[in-house]
Structures are given as C-alpha cells and as structure tokens.
Amino acid sequence: MTENKYLYVETFGCQMNVNDSEKIATLLKDEGYLPTDDPERADLVILNTCSVRAKAEQKVYGHLGRFKGARSRKKGFLLGVGGCVAQQEGERLLQKVPWLDLVFGTHNLHLLPEIVRAAERGERRAEVGFIDNETRLDLFPETGGEGGVTRFVTVMQGCDNFCSYCIVPYVRGREISRRSSDIIDEVRKSVAEGVKEVTLLGQNVNSYGLKTEGELSFAGLIRRIAEVDGLERIRFTTSHPKDISPELIACFAEVPKLCGHIHLPAQSGSDAVLARMNRGYTRAGYLEKVEALRAARPGIQFTGDMIVGFPGETEEDFQATISLMEEVRYADLFSFIYSPRPETAAAGIRDTVSRKEKQSRLDRLQTLQQQMKRERNISFVGTRQLVLVEGVSKRGDQLYGRIDGNRIANFAADQSLIGTMAEVIITQDYQNSLLGEIVTDKGDAR
Ligand code: SAH
Ligand code: SF4
Ligand code: F3S
C-alpha cells in the first residue's frame, strides 16, 4: 500500500478563489492527495492567489518564501501557485522562484492532475493559457461541498467590463454564463443534500445570460431557482450597478425567497471619477437604482466597495464619495486605496494624489463608515428577524445564522434548530454581529 500524501491549499482573494480551492482539493484527491490544514504536514502546497491590488500580489511572494527550505525537510515536497497572480505572471514565476514546482492559471484547473504528475517526475511546468468557451461550459466549478446549510453556486465567470483600474478581466478572461439548466440542477442537488440557502456567484452576476442567445436573464434565473422546493433563501454577489434591470428590481418585490440585501459597489461618488473609471453609470443613475430597490423592498440593506485616490481624484471628488455614502448609508463598505495594476488603462494615467493624501481620505471614509455601521446595527435592536440557523457559533455555546439583511446573529437555542428558519428578537449590537433571543410566540418577523 502506498503511503498517504497530503495537500495544503492556502486561498487568497475573493469567493471565486475559495470555490476554485475546493475544486483543486477534489481534483487532487483522485491523485492520492488528502486535504490537510497543516502546511508542515503537506507533501504538496498550493497557493491560490489574488492580484487585485499590489499588496495582495506581494503577499504571495512572502508566503512562497516560507516554503523555500521545505524540500530539504520533506522528500518529494512540491510547491505550486494557482489563481490570478499565476495567470498574470505565468512562466516568470518559475524563473523568479527557483524552489517553485508548478504554476497553473485560472482557466487551467482541469490540467492540474497532469501538471502535478509532471512535477512528481521533476518537470517544472506553467500552464496559463485561456481556454475556449465551449470547453469552459463543461468545466464550470460545482461547489460540491459537504454538509452545510448555505452554498455558493457559480453562475458566471470572467468579466468584460474593463473598469480602468481593474485587473480581473485580464486574469479571469472573458465573461461566460453557465447553462441555466446546469445551475438549476446544482441547486436541486444541493437542496437534496440539506442546503437551504444559495448565493449565486460571479464577477458580475447581473449580466448573466445577456450574451448567450436563448438563455434566461438573471431575473429569470432567480425566478426559476425560487421554484425549487425546499430552498428557503437566495442571495447573489457581486452585481454591477449598470446592469441592475427593472426586472431584477421587480424580483425584490415579488420573489420572497430573494433576501433583502445587495452588494452594489459604487467605487466613487464623483461623476468625473466614475467616467475615468469606465464604470458606465453616473452618481444620479446609481442613486436612482438604490431608490428603486428601496421602493421594491423596504428595508433592503446595501453593502459596497469604494476606491479612494484614483488618479486625478480631487478633494471635491472625494467629498462626493462621502456624500454618496451619506445618502446610501451602507450597512458595510469595503474601501481601498487605488493601486495601479499592470495592463489596466488607469495604470497609464498620471497619479496626482500623494500617498499621505490617499491615506487621509481612506481614514476619513472609514471613520464615517464605522459610525454608520454602528447606527445600522443599533437600528436592528428590538426588531424581530428571521434567521436561517447555520450552525454552532465559534464560542460554542450559541447558534448563529444570518438575518434577511445579511448580518450575523448569535443566540442561545437547541442545536436541533440548525437548518431551520428561526425567529429571533435582537437584543444587542456588536461591531460585526448581533445578539438575539429566540422567540417562541408567533409574531410577525420582519
Ligand atoms: N467584480 C466585483 C469585484 C472586483 S474586485 C465588482 O465588480 O464589484 C473587488 C473590489 O476591489 C472592487 O470592487 C474594487 O473596489 C477593488 N479594486 C479593484 N481593483 C482595484 C485597484 N486597482 N485598486 C484598488 N482597489 C481595487
Ligand atoms: Fe473589475 Fe469592473 Fe469587472 Fe468588477 S466589473 S471585476 S471592478 S472590471
Ligand atoms: Fe483577486 Fe482574482 Fe478574485 S484578482 S479578487 S482572486 S478574481
């Protein structure tokens, strides 16, 4: 009998990478590698990387350094890099990092078993070619996953938007929608395994189907998924403001299973900056969609992303971002200092904002957001909320789940409630979660 070999995957970046990491683990199980969460024990370490900002990319080099001497400690040890930095750097990574054994791009997961076998023979390979759409349709990642009440289901991959600051279109390739029949099958299968909530996943989910003749629209897809018996909730991420259609807004009014939360990144509140970012909407257009969504689903929660210090951003532009935040009052906001990325259009624009000024804008924005988040959390105290109970909290003595608006709520209750919808009255707010008590009488939850 051969001895077991172990695989350790470290994931950086977004949910697409988390999904890909699960796929990597599944593929390599068939090659005899069992998953481990201990890098010291691993025979094969794979870093699944992100290159959305320079910092994310630099992190990878730090982690690669950690494994420099690993082969001398463990015979046959292999080190690989996948994901968006791999896609961006390809062969160059093998040249820069002599102790690296294999590199595979975002379109090459299916080649991984072959690449690993080559590495076991001592052959160093980098496979980063983009593959054609027909093949991709058959290779779409099923999340698989074991157990669990909630699951991500990939509906599209890639991005054609080319926001001028963003590397994603270059490292994930052209946008492609998965067949709706495959998506619905995966949702049905997941529900049969006990899943109660699906999050439809993609870089730009609301452009789903637009470029595929005869395919459902994103709104159509949501309505079909809502028909799956036994499924309680539908969420999606990420959506682009320019592709929020009236049909999608109508779903928030008419599809009760669709949760009242939307991640809708504005990136900036200034029209001049939005135009240079190539976002395809104006501040007024964004706010109109926010209002229409609020009308369709009163109480809907907004989260988003903002970039400060985009080349040429003036203090006045920045103030427009602050005032947009005040109008939307995001429940949560991810904010970043602009980071020039290779190949992108904005990388060629002269950077006029000093480092110090960028940092000051980020600090001011984040201080305001903390305050607004706190107010939002407090506003939940005293309300009744329906929570899909996901499991036992980290502390071990409570259960946790999400309210419709996506905040985590913890509460003491019997474990038999896991996987059910429970009614909870919120008693206290924390920075990143809410505390509640289970309601036993039958009132109306909001
Ligand atoms: N597809 C998603 C998210 C893409 S990356 C979307 O379109 O919303 C996640 C976030 O990273 C972006 O929303 C943006 O705010 C930020 N980001 C992307 N490129 C960046 C860059 N070059 N510098 C700083 N932040 C960036
Ligand atoms: Fe990047 Fe824009 Fe595509 Fe989002 S929509 S992934 S920010 S190019
Ligand atoms: Fe990063 Fe690639 Fe996702 S660049 S954000 S891991 S698509």
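Fair warning: this is a prediction, and the values are worked out from it, not measured in the lab.

Conventions we followed
Residues numbered from 1 in each chain as written. Chains lettered and ligands numbered in written order. Predicted model: local features only at pLDDT ≥ 70, side-chain atom pairs only at ≥ 80, totals over all residues. Heavy atoms only, no water. Helix = DSSP H or I, 4+ residues; strand = E, 2+ residues; numbered from the N terminus. Rg over C-alpha atoms; globule rule 2.2 N^0.38 Å. Buried < 20%, exposed > 50% of the residue type's maximum accessible area, 1.4 Å probe, protein only. Contact = heavy atoms within 4.5 Å. Areas by Shrake-Rupley, 256 points an atom, 1.4 Å probe, with all protein chains shown as cover. Lys, Arg positive; Asp, Glu negative; His and termini not counted. Charge placed at Lys NZ, Arg CZ, Asp CG, Glu CD. Polar contact = N/O pair within 3.5 Å; in protein donor to acceptor, adjacent residues only side chain to side chain. Near = heavy atom within 4 Å. Nonpolar A, V, L, I, M, F, W, Y, C, P; charged D, E, K, R; others polar. Pairing = 2+ DSSP bridges. Axes fitted to C-alpha atoms, helices over the stretch in contact; angles between N-to-C directions. Domains from an automatic or database assignment. Phe/Tyr/Trp six-rings, centres within 6.5 Å; stacked < 30°, edge-to-face > 60°. Core = buried A, V, L, I, M, F, W, Y, C linked by side-chain atoms within 4.5 Å. Buried area = accessible area lost by both parts, 1.4 Å probe. Salt bridge = Lys/Arg side-chain N within 4 Å of Asp/Glu carboxyl O.

### A closer look at the overall build of the protein chain
So, point 1. Looking only at helices and strands, the protein chain has 15 helices and 19 strands in total.
So, point 2. Radius of gyration (C-alpha) of the protein chain: 23 Å, near the 22 Å computed for a compact globule of 446 residues.
So, point 3. Expressed as lengths along the three principal axes of its C-alpha atoms, the size of the protein chain is roughly 65 × 55 × 45 Å.
So, point 4. In the protein chain, which comprises 446 residues, the proportion classed as buried is 52%.
So, point 5. Taking all contacts inside the protein chain whose residues are at least 6 apart in sequence as the whole, residues at least 24 apart take part in 71%.
So, point 6. Surface summary for the protein chain: the accessible area is close to 20,000 Å², and the carbon and sulfur share equals 50%.
So, point 7. The averaged location of the 63 negative side-chain charges in the protein chain is 4 Å from the averaged location of its 59 positive side-chain charges.

### Some thoughts on the side chain of S177
So, point 1. Relative to the helices and strands, S177 resides in strand β9 (residues 176-177).
So, point 2. Since its relative accessible area comes to 10%, S177 is described here as buried.
So, point 3. Of note is the side chain of S177, whose polar atom sits 2.9 Å from the backbone nitrogen of G209.
So, point 4. If sequence neighbours within four positions are ignored, S177 has contacts with L137, F140, V155, M156, Y208, G209 and T212.

### Topic: the site of ligand 3
So, point 1. Neighbouring residues of ligand 3: C14, N17, C50, S51, V52, C84, R172 and Q203.
So, point 2. Of the residues assigned to the shell around ligand 3, the class counts are four nonpolar, three polar and one charged.

### Looking at the sheet that holds strand β4 (residues 78-82)
So, point 1. What the six strands build is an open sheet, ordered β2-β1-β3-β4-β5-β6; its pairing is parallel. Here the strands that pair on one side only, and so sit at the sheet edges, are β2 (33-35) and β6 (125-127). Direction aside, the axes of adjacent strands within the sheet are offset by 20° on average.
So, point 2. The strands touched by helix α6 (residues 112-120) within the sheet are β1 (5-11), β2, β3 (44-49), β4, β5 (102-104) and β6, with β5 carrying the most contacts at an inclination of about 170°.

### Focus: the site of ligand 1
So, point 1. Taken together, 14 residues lie near ligand 1, and Y165, Q203, Q267, D305 and S339 sit nearest.
So, point 2. Within the side chain of D305, an N or O atom sits 2.6 Å from an oxygen atom of ligand 1.
So, point 3. Calculation on ligand 1 without its partners gives an accessible area of 540 Å², and the protein chains cover 89% of this total.
So, point 4. When residues of the shell around ligand 1 are traced back to their parent elements, those giving at least two are β13 (301-308) and β14 (332-337).
So, point 5. Class assignment for the residues of the shell around ligand 1 results in seven nonpolar, four polar and three charged.
So, point 6. Among the domains, domain 2 (132-257) and domain 3 (260-379) are the pair contributing at least three residues each to the shell around ligand 1.

### A few points about the sheet that holds β13
So, point 1. Read across the open sheet, the three strands follow the order β12-β13-β14; overall the sheet is parallel. Because the sheet does not close on itself, it has two edges, and the strands there are β12 (261-263) and β14. Across the sheet, the mean angle from the axis of one strand to that of its neighbour is 10°, orientation sign disregarded.

### A look at the packing of aromatic side chains
So, point 1. Counted under the stated rule, the structure contains six aromatic pairs.
So, point 2. Arranged with centres 6.2 Å apart and planes meeting at 15°, the rings of F67 and F77 form a pair that is stacked. One end of the pair, F67, is in the loop between α2 (54-66) and α3 (70-73); the other, F77, is in the loop between α3 and β4, and 10 residues separate them in sequence.
So, point 3. Measuring from centroid to centroid gives 5.4 Å for F162 and Y170, while their planes differ by 80°, and the two rings are edge-to-face.

### Some points on the nonpolar core
For soluble globular proteins, the rule of thumb is that nonpolar side chains tend to be buried together.
So, point 1. Ranked by internal contacts, the top residues of the largest apolar core, which has 55 residues, are L200, I222, I225, F236, Y286 and Y330.
So, point 2. Top element by residues in this core is helix α10 (residues 218-226). It accounts for six residues.
So, point 3. Counting contributing residues, this core receives three or more from each of domain 2 (132-257) and domain 3 (260-379).
So, point 4. Counting 22 residues, the second largest nonpolar core, distinct from the first, contains Y8, L47, A56 and L79.

### Points about the domain arrangement of the protein chain
So, point 1. For the protein chain, the assigned domains read domain 1 (5-129), domain 2 (132-257), domain 3 (260-379) and domain 4 (381-438).
So, point 2. Across the contact, seven residues belong to domain 2 and 12 residues belong to domain 4.
So, point 3. Carbon and sulfur atoms supply 52% of the area buried between domain 2 and domain 4, which totals about 730 Å² over both sides.
So, point 4. If you sort the residues of domain 2 by the area they bury against domain 4, V149, R233 and R235 come out on top, with a joint share of 67%.
So, point 5. Seen at the junction of domain 2 and domain 4, the total is zero salt bridges.
So, point 6. Taken together, domain 2 and domain 4 are joined by six residue pairs in polar contact (both at pLDDT 80 or more).
So, point 7. Looking at the side of domain 2 that touches domain 4, its residues break down into one nonpolar, one polar and five charged.

### Some details on the pattern of salt bridges
So, point 1. A full pass over the atoms with the stated rule returns 38 salt bridges.
So, point 2. Note that R188 and D185 form a salt bridge whose closest N and O atoms lie 4.0 Å from each other. In this pair, R188 and D185 both sit in helix α9 (residues 180-192), three residues apart, roughly one turn of the helix.
So, point 3. Exposure remark for R188: the relative accessible area of 48% places this residue in the partly exposed category.
So, point 4. Given a relative accessible area of 44%, D185 falls into the partly exposed group.
So, point 5. When salt bridges that share partners are traced, they join E313, E315, E357, R361 and R364 into one network.

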